[in-house]
Structures are given as C-alpha cells and as structure tokens.
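One-letter residues, chain by chain:
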Amino acid sequence: MSEIDSLKAQLQALQEKALALFADAADLKALQALRVAYLGKKGELTSVLKGVGKLPPQDRPVIGQFVNATKNALAEALDKAESLLASKEKEARIDAERIDVTLSGRTSTPGALHPVQQGLHEMTAIFSQMGFALAEGPEIEDEFHNFDALNIPAEHPARANHDTFFFDIEGTADTKLLRTHTSPVQIRAMQACVDAGGEPPLAVVAAGRVYRCDYDVTHSPMFHQVEVFKVDKDVSLAHLKGVLQHFLSAYFEKDVPIRLRPHYFPFTEPSAEVDIGCVFCNHKGCRICKGSGWIEVLGSGMIHPNVLKAVGIDSSIYSGFAFGLGVERLVMLKHGIPDLRLFFENDVRFLRRMGAK
Ligand code: PHE
C-alpha cells in the first residue's frame, strides 16, 4: 500500500471509531473529553497529521484535503452529539424539577386555645349574653375574702375542708393564701359596688384559677372555676334554677334535665348541689353516673344574709343567688375526657384533638 493510501485508511478508521464513540458518549462531559482526544493539539488527528510531513510534496495537498474533511466530519458530529446531549440533559433536569401541583401543600399548625381556656370562654360568653358582667379577683387572697366574709369563721370546720395553701408574706404579719374557690370574687365585686356608693342590682360572672392541696384522678392542686352571682330585690331560688337550666343546656348544646339537691355551704342558705341528667347515657343510668342517671356538676344556693352583711348590703331589702362550677369537670363531661390530668400534661396529641375546632 502506498504511503498516501495507508494514511487515508488510518483517517478512515479513525473517523469511524470516533463517530461511534461520539454517538455513545454518556454526557456532555464525556463528549468534551472526546473532543480533546480527537481534535485537541495532542489529539489523534494531530498525530496522524504528523505522518503527512513524510509524504512527497505533491501528495500533501491531496491528503491535506482528506484530513480537513475528516476534521470537519468529526467537528460536525461532535456538535450534533453535543446539542443532542444538551437537550437530553435539559429534559432530564426539567423532569426532575417538575412540580406536582396536585400534591397537598405543606400545612402549618396554627395555635389554639387550651381546652380549659376554650371551655372557660364558652361558659363566660353564655353568662355575658345573659347580662352578667365580667369580674376578676386575685389568686393570692386573704382570709377575710376567702373565708370570713363568706361566713366561714376561723373555727368553722369547713375551713379545714378546703385544703388551703397558706403562706406568710415576708416582713408582714399577714397570712395570705391561694384562693380555694372563686367565691371571694363575690365579696370583692359587692364591696367595689358599695365602696363606689352603688347599690344592687348586681349580676356578675368571674372565672379563674383556684388552688387546693389535693391530687388524684379527679383532683388537681390547681384548677379553674366559674363563679356567678346575682343580688337584687326579690331574687329567688326560681331565678337560680332558671339561669342554671339555660346555662347548662346552652353549654351542653342540648336540653339537659337538671335537679337541685339539698346541700350545705356556709355562704348560701338554702344550698343545693346541682345535678344534670347524665350526658353519657342520656339520663338512663350507666357506669359513669353509677346507674343513677344523674351527674353532679356544681354548687349553688341563695346568698347567706351574713355574706351580704359582711359587705354592707341590707339583707332585709336585697337577696341573691350564687353558684360556682369546676371548669375542667364540665369540659370533661362535654367532651368525654376520662382523666383530669390530661389537661395539665400538655401532650400535643390531646391538645391537637381538642384544639382542632
Ligand atoms: N365555692 C363553692 C366551692 O368551691 C361553690 C359554690 C359557689 C357554692 C357559690 C355555692 C355558691 O365549692
């Protein structure tokens, strides 16, 4: 074979091999490496070109043309393969970045009121709608407001029943306590009225934390009460019963039967515990109401004349009713919550279930 034919054959073989490799290149990077390997300064084509120098001068243009054609063919094939790979890579990227608009979005969990606060708001709202004014009192109380003015004198056995947290205030002879019930707000609200030169009628609802040294499935050392009272001329037990009936039906969102059962509280006379028809068995009798069909929900009564006297309201002109209820207890009954402690553990699974309104 002549020198020129051998070179032509080499170029031919080089071109075939190169085209096959270009077509197989996996990605743009591999293709770029092939471009350098074939067309680069130290590439395959250059090394073939070195053989051209050995040819007789008259043959050089012939092979020169052939080399150029090969070079062009390789360059063209490289460009084609390159644009093909580029568009493939672009497609793959678009595919990977595709947004599935049918997927549900990321949800954020909004905060919610604690179930006790929620219940407390529901309850006070019902009384507000009935015309009772909101009042507040301190959680750190004194013996006068928590006990004495409520007709519970120092030697009274009821005082011992209150499981009170007492403490001394440094530098004073005062004994303070954490209020054991919201009834001291009755005293404060009536005093405020009298001190301002006012007179009944007075219709008040107060809600807040109370404390008793007691802890088990149904008792927590801190819990919440709602206190309601009304003082006016000719207030009777019938008014008390009417307000209770309306409130309990509104809160439980159904007509619940109620009954007043005689009881004793030092600050009311007569006093009654209030039962509702069991909300779990619809008053038929079940495990929760111990077969009786009734569940006790709150304490109530007609304000004792001694209480009115303690704040300077004339009990021969005015009378009143009062009641106090446990917020946690009512929320438990409304939502079928079995254990009081759930309210204070702050397990988010419980809070989410209760908060999702
Ligand atoms: N203060 C009472 C208690 O905590 C409840 C109550 C309030 C009873 C008002 C009668 C009148 O148990």
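Position labels on residues start from 1 in each chain and follow its written sequence. pLDDT decides what is reported in this predicted model: residues at 70 or higher carry local features, side-chain atom pairs at 80 or more are listed and counted, and totals for whole chains, interfaces and linings draw on all residues regardless. The side-chain numbers reported here are obtained from all heavy atoms of the structure, hydrogens and water having been left aside.

**A few points about the packing of helix α1 (residues 3-24) against helix α4 (residues 60-96)**
And step 1. Geometry is summarised by axes, namely lines fitted to C-alpha atoms with helices restricted to the contacting stretch, and by angles between N-to-C directions that run from 0 to 180 degrees. Put simply, DSSP H or I for four residues or longer makes a helix, DSSP E for two residues or longer makes a strand, and each gets a number counted from the N terminus. With their axes 10 Å apart at the nearest point, α1 and α4 run at an angle of 0 degrees to one another. Regarding the angle of α1 to α4, the classification is roughly parallel. Here Ile4, Leu7, Lys8, Leu11, Gln12, Leu14, Gln15, Ala18, Leu19 and Phe22 of α1 come into contact with α4, specifically with Val62, Ile63, Phe66, Val67, Thr70, Ala73, Leu74, Ala77, Leu78 and Ala81. The scheme is simple: roughly parallel for angles under 35 degrees, roughly antiparallel for over 145, roughly perpendicular for 65 to 115, oblique for anything else. Only heavy atoms enter the contact rule, under which two residues are in contact if any of them lie within 4.5 Å.

**Digging into the side chain of His224**
And step 1. Its location among the elements puts His224 in strand β6 (residues 222-232).
And step 2. Here's how the labels work: a residue is buried when its accessible area is under 20% of the maximum for its type, exposed when over 50%, partly exposed in between, all with a 1.4 Å probe on protein chains only. Using a relative accessible area of 6% as the deciding quantity, one classes His224 as buried.
And step 3. Pairs of N or O atoms within 3.5 Å make up the polar contacts considered here, provided that, within protein, one atom can donate a hydrogen while the other can accept it, and that residues adjacent in sequence are counted only when both atoms are side-chain atoms. Within the structure, the side chain of His224 is placed 2.7 Å from the side chain of Glu328, a separation counted as a polar contact.

**As for the sheet that holds strand β3 (residues 166-168)**
And step 1. Being paired, for any two strands, means DSSP has found at least two bridges between them. Here we have 3 strands laid out as an open sheet, ordered β2-β4-β3, and antiparallel in their pairing. Two strands lie at the open edges of the sheet, namely β2 (140-142) and β3, each paired on one side alone. When strand polarity is set aside, the average angle formed by the axes of neighbouring strands in this sheet is 45 degrees.
And step 2. Bridge analysis of β3 against strand β4 (residues 175-178) gives 3 bridges, and the strand direction is antiparallel. Bridged to Asp168 within β4 is Thr175.

**Focus: the environment of Ile313**
And step 1. As for its placement among the helices and strands, Ile313 is situated in the loop between α10 (305-310) and β10 (319-326).
And step 2. The contacts of Ile313, once residues within four sequence positions are left out, are Met190, Val194, Pro200, Leu308 and Tyr318.

**Comments concerning the pairing of strand β9 (residues 294-303)**
And step 1. Here β9 lies mainly inside the structure; 9 of its 10 residues are buried.
And step 2. Pairing of strand β8 (residues 268-277) with β9, which is carried by 8 bridges, proceeds in the antiparallel orientation. Among the inter-strand pairings, Thr268 is bridged to a residue of β9, identified as Ile303.

**Re the domain arrangement of the protein**
And step 1. Taken domain by domain, the protein comprises domain 1 (3-96) and domain 2 (115-354).
And step 2. Throughout, the edges of the domains are those of an automatic or database domain assignment. Summarising the inter-unit geometry, the C-alpha centres of domain 1 and domain 2 are found 95 Å apart.

**Overview of the site of the ligand**
And step 1. The immediate surroundings of the ligand are formed by 14 residues, with His181, Ser183, Arg212, Gln225 and Gly324 found nearest.
And step 2. Between Ser183 and the ligand, the recorded distance is 2.9 Å, taken from a side-chain N or O atom to a nitrogen atom.
And step 3. Within the contact set of the ligand, an oxygen atom lies 2.9 Å away from a side-chain nitrogen or oxygen of Arg212.
And step 4. Computed with the Shrake-Rupley method and a 1.4 Å probe, the accessible areas treat only the protein chains shown as cover for residues. Computed on the free molecule, the ligand has an accessible area of 320 Å², of which 90% lies beneath the protein chains in the complex. Near is defined per residue: the residue qualifies when any heavy atom it owns lies within 4 Å of the molecule or strand.

**A closer look at the nonpolar core**
And step 1. What is meant by a nonpolar core is a set of buried Ala, Val, Leu, Ile, Met, Phe, Trp, Tyr and Cys residues, joined one to another through side-chain atoms within 4.5 Å. One finds Leu248, Phe323 and Leu330 to be the most contacted residues of the largest nonpolar core, which totals 42 residues.
And step 2. Of all the secondary structure elements, the ones that give two or more residues to this core are α5 (115-129), β6, α9 (237-252), β8, β9, β10, α11 (327-335) and α13 (348-355).
And step 3. Discounting chain neighbours no more than four positions away, the residues touching Phe323 are Phe127, Val226, Glu227, Val228, Leu240, Val243, Leu244, Leu298, Gly299 and Ser300.
And step 4. Core analysis: the next-biggest nonpolar cluster, separate from the first, contains 23 residues, Phe147, Ala149, Ile303 and Val311 among them.

**Concerning the sheet that holds β8**
And step 1. What the 7 strands build is an open sheet, ordered β1-β5-β6-β10-β9-β8-β7; its pairing is mixed. The open sheet has two free edges, formed respectively by β1 (133-135) and β7 (258-265), since each of these has just one partner strand. Recorded for the sheet is a direction-independent mean angle of 25 degrees between the axes of neighbouring strands.
And step 2. Where α9 meets the sheet, its contacts fall on β7, β8, β9 and β10, and the angle it forms with β10 comes to roughly 30 degrees.

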